[in-house]
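Residues per chain, in single letters:
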Amino acid sequence: MFSRILIANRGEIAVRIIKTCRRMGIRTVQVYSEADAGSLAVEMADEAVLIGPAPAAQSYLLQDRIVDAVRQTGAEAVHPGFGFLSENASFARRLEAEGITFIGPNPHAIEAMGDKITSKKFAAEAGVSTVPGHMGLIESTEEAVTIANQIGYPVMIKASAGGGGKGIRVAHSDDDMAEGFAAVKAEALNAFGDDRVFLEKFIIDPRHIEIQVLGDKHGNVVHLFERECSIQRRNQKVIEEAPSPLLDPETRAAMGAQAVALARAVNYDSAGTVEFVAGQDKSFFFLEMNTRLQVEHPVTELITGVDLVEQMIRSAWGETLAFGQDDLKIHGWAIESRIYAEDPYRGFLPSIGRLVRYEQPEEGPHEDGYTVRNDSGVREGDEISMFYDPMIAKLCAWGPTRDEALTGMARALEDTHLQGVGHNTPFLSAVMDQPRFRSGHISTSYIKDEFPDGFHGLKPDARQTQIMIAAAVAMNEIAAEQAGDPSDRTDWVVLIDRTPHGVALAYDADEALLLAFTGGGHARLTDIDWRPGLAQFRAELDGEPFTAEVSRVADGYLIRHRAAKARVRVLTPHTAELYARLPEKVAADTSRLVASPMPGLVVAIPVTVGQEVKTGETVAIIEAMKMQNILKAERDGVVKAVSAAAGDPVAADDVLVEFV
């Protein structure tokens, strides 16, 4: 077995690989850019080598730097993780020429399946059902529009070398195609160094289901069942689960057999994923093959007990698979939520900055029957950089059934606390609580369907209202006792935002807090775990555990439970009457301003002072975290001022364009 492996990646996947290598007794070498000098992966690895400045094009994407680091440290193999050089056939060949083992598939398989255009043709020749489209190279916008009309809208525009949800757009018209084609080419060139683009028919109400395959160098290939990846935003997977709630055993077997046949056709000899687009009627079409480890691989590991990183290493060493298809079974259900540094309340725009607080849920089995796994590459105090993907963690929950796994995930999200950057845990919590998601009747348009106007949080339901009342009253009592000034009052009015809720307090013989609500109902609060200064309030309400995120504000508390967030005040009845008379604050009119929704770099400002602009016209393009964001005018007007130019760095809320 290898004695030393170099990890040509960063973040949570680097940490994930290090953990398996430690268990296998293999030393690790971590390469890093200047931005990652203090990263968790660098701290955990046995050795670390600086390979360049922060931009990936000057560090993680430079083959020479990686090879130099291998020579410098004496590593025998390279694990590329996902992204960066993981699907680069020339890199695999370069390592082979240098006598270094590539922990991934052979270069032929990468070339045959890694390029989306080539893989579509290959799959069609192999008899695999594929989505209708144009697999040839497209040279111009005019040609793209012509082909799109031949295929029939809606049409998906995809970068041939794409991955991670980048370089993908859906066009519903000629105008969409003209704008999207240019944008995808630019994103693809920037992210992958390859601006080739192809088109394919966009399947209405589809599901995204993928099959995990695993092969060795002796011709053995198995599949490890499927993952449902339909919950996506901007073609980026957000929530994944295994198995899929759509598939029956017959469809699962058919998809698995097709994936294995395709893998065998290219002598696949590592971990890989065959992706399908599936109809609600269980029809399915080959989409692409990812010739690498997938971001969402933990859910497969949780339901099969197979360590995919270990199997990749063993296959690269030349070992034969230790199990066959009949040895693999599905055990329980697993869910993965991708926690991103992005602000769901502002259109999910990337957020950068320092993780001032990062409290993670306890990993392992919980007494309520679910198991938590958290794959993270950052710690409290780390910086979320604009140079890389904004992922903070992959939070996973396993349960014997789908309902139990979902309940475990909801609780794990409650137990996750982040401060310093915007994050999507409230949104993830909202999905876990939605009846449609719970039912399993989902599609790739789920987020757009359920949150058509964006995510603005959810109103507290009846139980969450009781949780907020109970937490606020308990914190008020605890703070008063610690300050030496308890009021001994038993009747309060709790304002949740501006809605009053009367509550009477008492204590039973066990010192549990008893609450009687004016609107009807009672509750018992026990096992309180909070003191002034803590950001999470933990307790049990009527025997059910919960965790709420809390912070002190001027005249009360800001409380968030899952997707519900509110300003909560504990007042005497008289003070509550006075509050009811206060006028609501009117928001300032910012309709004349176009501001940057995130920190980033200005790609272009295609308007000038004095220019007439119509609603929907592009006024600025901002690049952040490898994605181009097009800002459009929300009103007709004349440009009064332009405050930035191409190449300028901007912060969130910086004004870019002002209208008369």
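Further up the page is the structure itself.
Let us look at the structure shown here.

Calculation rules
- Residues numbered from 1 in each chain as written.
- Predicted model: local features only at pLDDT ≥ 70, side-chain atom pairs only at ≥ 80, totals over all residues.
- Heavy atoms only, no water.
- Helix = DSSP H or I, 4+ residues; strand = E, 2+ residues; numbered from the N terminus.
- Rg over C-alpha atoms; globule rule 2.2 N^0.38 Å.
- Buried < 20%, exposed > 50% of the residue type's maximum accessible area, 1.4 Å probe, protein only.
- Contact = heavy atoms within 4.5 Å.
- Areas by Shrake-Rupley, 256 points an atom, 1.4 Å probe, with all protein chains shown as cover.
- Lys, Arg positive; Asp, Glu negative; His and termini not counted.
- Charge placed at Lys NZ, Arg CZ, Asp CG, Glu CD.
- Expected span 1.5 Å × (residues − 1).

1. Looking at the overall build of the chain
When helices and strands are tallied, the chain shows 17 helices and 40 strands. For the chain, whose C-alpha radius of gyration is 27 Å, the value lies close to the compact-globule estimate of 26 Å for 660 residues. Across its three principal directions, the C-alpha atoms of the chain cover 80 × 65 × 55 Å. Each of the 660 residues in the chain was classed as buried or not, and the buried ones make up 55%. Sequence-distant contacts, at least 24 apart, represent 64% of the contacts inside the chain between residues at least 6 apart. Counting only carbon and sulfur atoms, one obtains 50% of the accessible surface of the chain, whose full area is about 26600 Å². Counting 65 positive and 96 negative side-chain charges, the chain places the averaged centre of each group 2 Å from the other.

2. Topic: the side chain of Gln 63
Relative to the helices and strands, Gln 63 resides in helix α3 (residues 63-73). Non-local contacts of Gln 63, meaning those with residues more than four positions away in its chain, are made with Leu 85, Asn 88, Ser 90, Phe 91 and Arg 94.

3. Some thoughts on helix α1 (residues 11-24)
Residues spaced three or four apart along an α-helix face the same direction, because each turn holds 3.6 residues. An ideal rise of 1.5 Å per residue puts 20 Å on 14 residues; α1 measures up with 21 Å between its terminal C-alpha atoms. For α1, the tally of buried residues reaches eleven of 14 residues, placing the bulk of the element in the interior. Those residues of α1 not exposed but buried are Gly 11, Glu 12, Ile 13, Ala 14, Val 15, Arg 16, Ile 17, Ile 18, Thr 20, Cys 21 and Met 24. A positive phi of about 75 degrees marks Gly 25, the residue just after α1.

4. Focus on the side chain of Ser 429
Mapped onto the secondary structure, Ser 429 falls in helix α13 (residues 425-433). Ser 429 sits in the buried class, given a relative accessible area of 1%.

Coordinates in, geometry out; function isn't part of it.
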